[in-house]
Amino acid sequence: MRTTIMDNLVGYVVFPASNYLMNRKGIIGQYREFTRSEWFREDVLRHVQFKKLSATLEQAARHVPFYRERFRKLGLQPGDIRSLDDIRLIPALTRSDLMDAYREMVDERFAASIPVAEGAGRPSGEPIPLSRFRRHKLVRNTSSGSTGAPTVFFEDGSRTSMNWACEMRLKKWFGIGPGAREARMARLATAYLPDSRSLNVRKHLWHQLILPGTNLAEEEFALCIEKMRAFRPRVLWGYTSALTGLADYVRRNKIDTAAIPLQLAISWAAPLYGHEERLLRETFGCGISNIYGAREVGHIAALCPAGGLHVNQEYLLVESEPASAGAAHPGELLVTTLDATPMPFIRYRMGDVAEVAPAGCGCGRQLQLLKNLLGRTGEIFHTKSGRMISPNFWCRVFMSSEHADRIRRFQVVYTREKNLRIAIQRGDGYDEGTEWYIRSAVADNFTPDTELAIVYVDRIEPTVSGKYLMVINEAKQQEATWNR
Ligand SMILES: [Zn+2]
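These remarks concern the structure in this document. All figures in this text were calculated on a predicted structure; none of them were measured in a lab. (Residues numbered from 1 in each chain as written. Predicted model: local features only at pLDDT ≥ 70, side-chain atom pairs only at ≥ 80, totals over all residues. Heavy atoms only, no water.)

Describing the overall build of the chain
For clarity, the cut-off: Helix and strand labels come from DSSP, where a helix needs a run of H or I of at least four residues and a strand needs a run of E of at least two; each type is numbered from the N terminus. In this setup the radius of gyration rests on C-alpha atoms only. A globule is expected at 2.2 Å times the number of residues raised to 0.38. Burial classes follow relative accessibility: with a 1.4 Å probe on protein chains only, a residue under 20% of its type's maximum area counts as buried, one over 50% as exposed, and anything between as partly exposed. Only the protein chains shown count as cover for residues, and the accessible areas themselves come from Shrake-Rupley with a 1.4 Å probe.
Helix and strand counts for the chain come out as 13 helices and 19 strands. In terms of overall dimensions, the chain is globule-like: its C-alpha atoms have a radius of gyration of 23 Å, near the 23 Å expected for 484 residues. If you line up the chain on its principal axes, its C-alpha atoms span 65 × 55 × 45 Å. In the chain, which comprises 484 residues, the share counted as buried stands at 57%. Just so you have it, the chain exposes about 21100 Å², and 51% of that area is on carbon and sulfur atoms.

What follows is the structure, given as structure tokens:
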């Protein structure tokens, strides 16, 4: 399917112009810049990052009360940071720092806008119409940990425009230009969908079809397919669990998707494990990508056609912090925002474990790679003998080709006593042999005194935010940060 004049009109004119009214500026300029800078040499990219980091630190020291105080206590001047590595002189920013001090983390030049944004009564993250021309441009947003209280943060539209530009670059990697028709399985209940004027506007002016993305059952999946047949999207975007749920529905019901000309499916809000990627690829017969990010700092990395999870290095500095000095990578990810924003984040602790590797991807782009993205710190479990079990282990156990069809969904709970409770939603062909296989995989990898309870359920419930957790570690119960 080729790009039409209409796609170009939407992508290059109508979409950026309407976003401009919401103070989301420079999307196309940023996108064009991205398509150049991704080919920069590694040292050039690092130089660009350092220049932007210096500006961010300068802003933080001068205008952000939280950082001004933090730097004062450390006796640190922005000029003391002479290289990207020197950023380690600044302590990491935790989620509880953010919860305690989010107002002090806003650039004081926006101070008068904070109460306005807080009192506006708009849903989290909802853009302000015509904010480009208003005095108060701050948008209040929240990110919900799957277990804990949500954090609050602010942006002025620039974070969103950066995300849009990043998604445009990602689609370009798969040969899709701005304005291509896109179906987005969003965080909306079905009840909200019919006859909404803003959704209709979005469909025609942005070429975006908004579909339900949470609490999905057969009825919603059927609706998604029906709407996609009429809309003919080239891109499908959504939570990993929504996309795999839809693919599973299509496969089980042998639904013909020939009328939907998909070229790319982009999953986000959770890692995309091998078996999930395979399911999407086989069902939709299109390219598959994944975005790793968090609402506070934006899209952090995106998966290229050659399988590299590339860091958006131009506006983020991503470090991997070893668990202890001298320990080998991977470590917990820390993210620093480098673009101009009213609320800079410096060394924000993501709660996810991965390795930041130099480029070396088959696609030839020089952007760094995230490797061994093992999952949230809370999803990684150490057995009684100290053996590390990452979520990938369970993917291998449950989704090996031999057993993939017998299990619809599973959830592993590590109890406080380091025992295991596994909930299984059975598929066709599940039998005693399958259970025996699971029990022997556990016996081979966990200590003999580890108790295993297998519970068969009709349905595994998603969290409040609509995501399915594959692994729950009751011993840690660390809040999830993956694209909250
Ligand atoms: Zn690549």
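Section: the packing of helix 2 (residues 27-37) against helix 7 (residues 158-173)
For clarity, the threshold we go by: Comment: axis = line fitted to C-alpha atoms, over the contacting stretch for helices; angle = value between 0 and 180 degrees taken between N-to-C directions. With respect to orientation, any angle under 35 degrees is reported as roughly parallel, any angle over 145 as roughly antiparallel, any angle of 65 to 115 as roughly perpendicular, and every other angle as oblique. What makes a crossing left-handed is the near helix being turned counterclockwise from the far one by less than a right angle; a clockwise turn instead makes it right-handed. Contacts: residue pairs with any heavy atoms within 4.5 Å of one another. Just so you know the grouping, Ala, Val, Leu, Ile, Met, Phe, Trp, Tyr, Cys and Pro go in nonpolar, Asp, Glu, Lys and Arg go in charged, and all remaining residues, Gly too, go in polar.
Where helix 2 meets helix 7, the closest approach of the two axes is 8 Å, and the angle between their N-to-C directions is 50°. The pairing of helix 2 with helix 7 is recorded here as oblique in orientation. By crossing handedness, the relation of helix 2 to helix 7 is classed as right-handed. Every residue of helix 7 that contacts helix 2 at Ile27, Ile28, Gln30, Tyr31, Phe34, Thr35 and Ser37 is listed here: Ser161, Met162, Trp164, Ala165, Cys166, Met168, Arg169 and Lys172. Split into classes, the residues belonging to the contact of helix 2 with helix 7 amount to nine nonpolar, four polar and two charged.

Notes on a nonpolar patch on the surface
Let me state the cut-off plainly: Two distance rules govern patches: like charges are joined within 9 Å, and nonpolar side chains (Val, Leu, Ile, Met, Phe, Trp, Tyr) within 5 Å, applied only to residues with over 30% relative accessible area and no salt bridge. By definition here, a salt bridge exists when the distance from a side-chain nitrogen of Lys or Arg to a carboxyl oxygen of Asp or Glu is within 4 Å.
A surface patch of nonpolar side chains, amounting to about 350 Å² of accessible area, comprises Met6, Leu9, Tyr12 and Val13. Mapped onto the fold, Met6 is located in helix 1 (residues 5-20).

Comments concerning the coordination of the zinc ion
The condition that has to hold: The donor set covers N, O and S atoms within 2.8 Å of the metal, switching to 3.2 Å for Na, K and Ca, and it leaves out water, so a site may look short of donors.
Protein coordination at the zinc ion: the donors are Cys304 (SG), His310 (NE2), Cys361 (SG) and Cys363 (SG), at 2.1 to 2.3 Å from the metal. The motif formed by the donor residues of the zinc ion, counted along the single chain, is C-x5-H-x50-C-x1-C. With relative accessibility at 2%, the residue Cys304 sits in the buried group.

Overview of the environment of Thr3
If you trace the backbone, Thr3 turns up in the segment before helix 1. Here Thr3 falls in the partly exposed class, since its relative accessible area comes to 39%. Expressed as a C-alpha distance, the spacing of Thr3 and Ser320, which sit 317 residues apart in the sequence, is 40 Å. With sequence-adjacent residues up to four places away left out, Thr3 is seen in contact with Asn8 and Arg234.

Regarding the packing of aromatic side chains
Rule in force here: Aromatic rings from Phe, Tyr and Trp, taking only the six-membered ring of Trp, are treated as a pair when their centres fall within 6.5 Å; an angle between ring planes under 30 degrees marks them as stacked, one over 60 as edge-to-face, and anything in between as tilted.
For the structure shown, the criterion picks out 17 aromatic pairs. Arranged with centres 5.9 Å apart and planes meeting at 40°, the rings of Tyr67 and Phe71 form a pair that is tilted. Remark: Phe71 and Tyr67 occur in helix 4 (residues 65-74); sequence separation between them is four residues, near one turn of the helix. Pair check on accessibility: Tyr67 and Phe71 agree, each one buried. Ring plane angle 85° and centroid distance 5.9 Å describe the contact between Trp164 and Trp206, whose orientation is recorded as edge-to-face. Remark: Trp206 occurs in helix 8 (residues 197-206) and Trp164 occurs in helix 7; sequence separation between them is 42 residues. Residue class for Trp164 comes out buried when judged on its relative accessible area of 10%.

What about helix 1?
For clarity, the threshold we go by: In this analysis, the expected span of each helix is defined as 1.5 Å times one less than the number of residues it contains. To get the bend at any residue, fit one axis to the seven residues that end at it and another to the seven that begin at it, then take the angle between the two axes.
In a regular helix each residue adds 1.5 Å, so 16 residues correspond to 22 Å; helix 1 covers 21 Å between its end C-alpha atoms and thus fits that length. Along its length, helix 1 shows its largest kink, about 35°, at Gly11. Taken residue by residue, helix 1 has Asp7, Val10, Gly11, Phe15, Pro16, Ser18 and Asn19 as its buried positions. Turning to helix 1, the residues buried within the fold contact helix 2, helix 7, helix 8 and strand 4 (208-212).

Quick notes on the sheet that holds strand 19 (residues 471-473)
What counts is decided by this rule: Two strands are said to pair when DSSP picks up at least two bridges between them.
If you trace the four strands from one edge of the open sheet to the other, you get 18-17-16-19, paired in mixed fashion. Across the chains shown, the open sheet's two edge strands, defined by having one partner strand only, are strand 18 (452-456) and strand 19. Taking the axes of each pair of neighbouring strands and ignoring which way they run, one obtains an average angle of 15° across the sheet. With three bridges connecting them, strand 16 (residues 407-414) and strand 19 associate as parallel partners. Directly across from Val413, in strand 19, lies its bridge partner Ile472. Its contacts with the sheet place helix 12 (residues 391-399) against strand 16, strand 17 (420-426) and strand 19, and it is angled at close to 145° to strand 16.

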